[in-house]
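The primary structure of each chain is shown beneath.
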Amino acid sequence: MTAISMNMGCFGSLGIIPVLISPLQVLLAVLPGLIVAMLAAIASLFRPRTMWNLLKLMWRLKIPLVIAAAVVVGMVWIVKTIWPAGRVAAASSEIAGRDWPMFRGGPGRCGAVGESDAPSCAAVKWIFKEGNIGFFCSPAVVGNRIYVTSADKDVFADAGAIYCLDANNRDVIWKTVPDGYLATFSSPVVSGDYVVCGEGLHKTQAARIICLRRTTGQIVWMFRTNHHVECTPAVSEGRVYVGAGDDGIYCLALEGGGNGQPKVLWHLPSKDYPDAETSLVACGDKVYVGLGNKGQAICAIDGKTGKELGRIPAPYTVFSPPAVVGGKLYVGMGTGDFIFTAEELHLPPAGEVWCVDLAGFKVDWKFKVSQTVLGAIAASPEGYELYFGSRDGNLYCIGTDGKQRWKWNAFSQILTSPAVTKNCVYFVTASGALHAIRRGDGQPAWEQSLGSKGTFASSPSVSGSDVYVGTQFDGLFCLSQSAGKLTPVWAGPLGSPGRAGNADDSALSDFGDFHWQYPADQSGQGKDAYVKAPPAVIGSKLLVPLAEGPAKGVACLPPGGETRNKAPKPEWFFATTNGVCLSPAVSGDNVFAVDGRAGQAGRSLHCIALGNGVQRWRTEVAKGASGVMSADVAHVFVQDENEAVSCFGMDGRRIWRQSVGVMDHPPAAADSMLIAATTGKPELVAMDLPTGLVLWRASLDAAPTTGPVARNGVIYLGTSAGLEARGAVDGKMIAGWHVEPGAAAGGGLSLAGDRIAYVNAKAELLVVSAEDGHVIFRQAGVSPAVVPMISRDAILYAAKDGLKRLALDAPDNKPAAWADTSWLGEPSTSMILCGSKIYIGMTGWGLACLGAGK
């Protein structure tokens, strides 16, 4: 006999599962003979005489047969009771994907389902929003279902709801609004057939605990407390544990008392358990909780009886939900709370993380930080590392021995709990940025802005290749990686055709202000445009092309390194003899840049390592070539000869070269085609992307003024006659398409959903339907030098007196001033939006960064 040991539950104890090897080998040896005998017996049953004899035998043995059947049924019942289905799977994984029974999914608070390998490079897959609702809760993810509570809270409203959403497409599976249900902070938990959550915010009185059917959202029972229930419930062994603020701690039966009534098993009063705000952790029949104001302790409670098993006084309030892994409890604490800093409460700032040995309920070690720790301590899937954020702005990684492995400064307070997968840690800052940090080296993998206003209280939850997180004003986000490892690509100028510089679809603040400029010595004294093309953005790194000045080339500006009125220092600088006048492109860890302008000698296409700025390879670009360039996941396309475009692999090997004509704008890759617009002889040319063979040529009646944008079988192109739409199959004009008279200004098109925005030669902003070209609205007084940008629900464009914002859903409204840039002079590039900040080249200033105002 051999034994297989498995991790069984919170304390890391080993369960021994016997496996009988020798009898199994015997069975396998005789199995062929048994099968033959069984087939023969079955065949004999079809003979009448055999059937009759069998029936007579069964009648004579009726009593033994009944007893045997009863024994079999009893054994089946005992096996199911002692060893229920799924026990092994649940034992081997903290969150097996069938339940999410407590805050962050389980005792280890990792916030990730099973073997999640969340995106190494993410994009917004969908955003769920209804009316004015927001989300303070942290999503519970079970299978392809997401469970959340909502909050619609302002001077005139206080309402909430409980949702079950389809994780794939944000469809509402069910929505339950209990009578008078208030805006809610508590996160739902899922156990078996039930969903349980609290109600209300911090000022709520007489809040309820609510249990619903998991599949339908039907209310099973409700229980009203005498205070608020911000706490997320914890479910274990058929019991629900909830902290009710200054009403103490409740334990209720998960299934209720029948007839829609709750069943309270025990209640611990607030005189002994004051300010029970934080989410409890339940491990079998033991429950652990931290206490806030007037309590300041960590308590162990018998889950069956409510009897206190131990109490450790703490020097600070304990608002961090305790985590339990391998027989140890990990919890954060400090001065200050979710709303007020220590300084605002006139307290000295302080924070600590404690490790408590549960065997003796004594403190093993303490790890000090400069500010409070409010989120949960999240354990890695292996249980060897702990991750947490602090109000001091740092994400910490420490070992289970209490020694620091690394920390990463987010330059913003961290009040939420991290989610941990096998490769990355995901967390949200108080300024609304979702960060992905590599576990191995503590360096950023990517960053996504979730908005610029409101309270960011939702912690991210991870399932498979998706990350889910809520916001107060901008909805519930799903960020995803479609399949495998996505190669991050910034295809060329403004990101890709139609993207118009919108790097991450982040929300803009209501008003913008000047933050810094790069190079730092450019402050408006000169008239040179050091930056003549928009930077490239990959993750949150900026690749800035410098065309003029003492240092020409490409500068890589790091994420999170800037402060107000001070630009970040470059991670690296790649110098070129000629200035870089065109936007760089990025594919994976390769940066591509063409130096010089048409007419200059000694030009090259450079491939530069994104990590360190070292040149990997280069190839010559002819003196008279335009040098326009774009990239996809596996190729870079460049006009390196006067009328020819070349395709190179990531290794620098030329795959093909095709004569097309003079191009003023980069080609666009669309599916298996590469589409180019030529100017000398106005044509639209489609090439087979793998081979470069020309598929078709379509003559243009007017010269192109923008590059082509391909979407859903249609090619949109700005020309000196207006905006055209042509079929991708043959390049012919789309029947019924309305071409609004007037040349489309050079620069590019902004395409979002069913709308296209561009500026015409009359300095008018036009927003037209992508379906038929009819004008939805127009706005005069727009700078043709800057491509307008569609961002979520608004358009940002440049005017003489600065950048202005126009609401998409209310185009009749007057444009609102977003940032006054008149004192900076004339723009030298179009805009880039990344991390709720705008980056734009300004004559005499280099690259200017504009963000939320003071």
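Structure: see above.
Residues numbered from 1 in each chain as written. Predicted model: local features only at pLDDT ≥ 70, side-chain atom pairs only at ≥ 80, totals over all residues. Heavy atoms only, no water.

### A look at the sheet that holds strand β36 (residues 476-480)
Move 1: A sheet is described by the order of its strands in space; here four strands give the open sequence β3-β36-β35-β34, paired in antiparallel fashion. A single partner strand is all that each edge strand has here, and the edge strands are β3 (123-128) and β34 (461-463). Taken pair by pair, the neighbouring strands of this sheet meet at an average axis angle of 25°, ignoring direction. (Pairing = 2+ DSSP bridges. Helix = DSSP H or I, 4+ residues; strand = E, 2+ residues; numbered from the N terminus. Axes fitted to C-alpha atoms, helices over the stretch in contact; angles between N-to-C directions.)

### Focus on unusual backbone geometry
Move 1: Put simply, Tyr518 and Pro519 share a cis peptide bond, and its omega is 0°.
Move 2: Positionally, Pro519 belongs in the loop between β38 (512-518) and β39 (536-538).
Move 3: Unusually for a residue other than glycine, Ala206 sits at a positive phi of about 55°.
Move 4: By the element assignment, Ala206 lies in the loop between β11 (194-197) and β12 (208-213).
Move 5: On the basis of relative accessibility, which here comes to 28%, the residue Ala206 falls in the partly exposed class.
Move 6: Positive phi, normally seen in glycine, also occurs at Phe361, with a value near 50°.
Move 7: Looking at the element boundaries, Phe361 is found in the loop between β24 (351-357) and β25 (362-369). (Buried < 20%, exposed > 50% of the residue type's maximum accessible area, 1.4 Å probe, protein only.)

### As for the packing of aromatic side chains
Both the distance between ring centres and the angle between the ring planes are used here to describe each pair of aromatic rings.
Move 1: Under the definition given, this model contains 23 aromatic pairs.
Move 2: Geometrically, the ring pair formed by Phe367 and Tyr396 is edge-to-face, given 5.9 Å between the ring centres and 75° between the ring planes. Of this pair, Phe367 sits in strand β25 while Tyr396 sits in strand β28 (residues 394-399); the two residues are 29 residues apart in sequence, bridging distant segments of the chain.
Move 3: Among the aromatic residues, those joined into a cluster by ring pairs are Phe128, Phe135 and Tyr163. (Phe/Tyr/Trp six-rings, centres within 6.5 Å; stacked < 30°, edge-to-face > 60°.)

### Quick notes on the sheet that holds strand β10 (residues 189-191)
Move 1: Strand order in the open sheet made by the four strands is β10-β11-β12-β13, with antiparallel pairing throughout. The strands lining the two open edges of the sheet, one partner per strand, are β10 and β13 (219-224). Between one strand axis and the next, the sheet turns by 20° as a mean value, whatever way the strands run.

### Here's the deal with the pairing of β28
Move 1: The buried fraction of β28 is high, at six of six residues.
Move 2: Side chains Asn394, Tyr396 and Ile398 of β28 all project onto a buried face; the interleaved residues Leu395, Cys397 and Gly399 project onto the opposite face, where all are buried too.
Move 3: As paired strands, strand β27 (residues 385-389) and β28 are joined by five bridges and run antiparallel to one another. Each residue of the ladder has a partner; that of Phe388, found in β28, is Tyr396.
Move 4: As consecutive antiparallel partners, β27 and β28 are separated by four residues, and within that stretch Gly393 has a phi angle of approximately 90°, a positive value.
Move 5: Relative to strand β29 (residues 404-409), β28 is paired through five bridges, and the arrangement is antiparallel. Its bridge partner lying in β29, Ile398 is registered against Gln404.
Move 6: Linking β28 back to β29 in an antiparallel pair, the connection comprises four residues, with Gly402 at a positive phi of about 85°.

The values reported here are purely geometric and, on their own, carry no functional implication.
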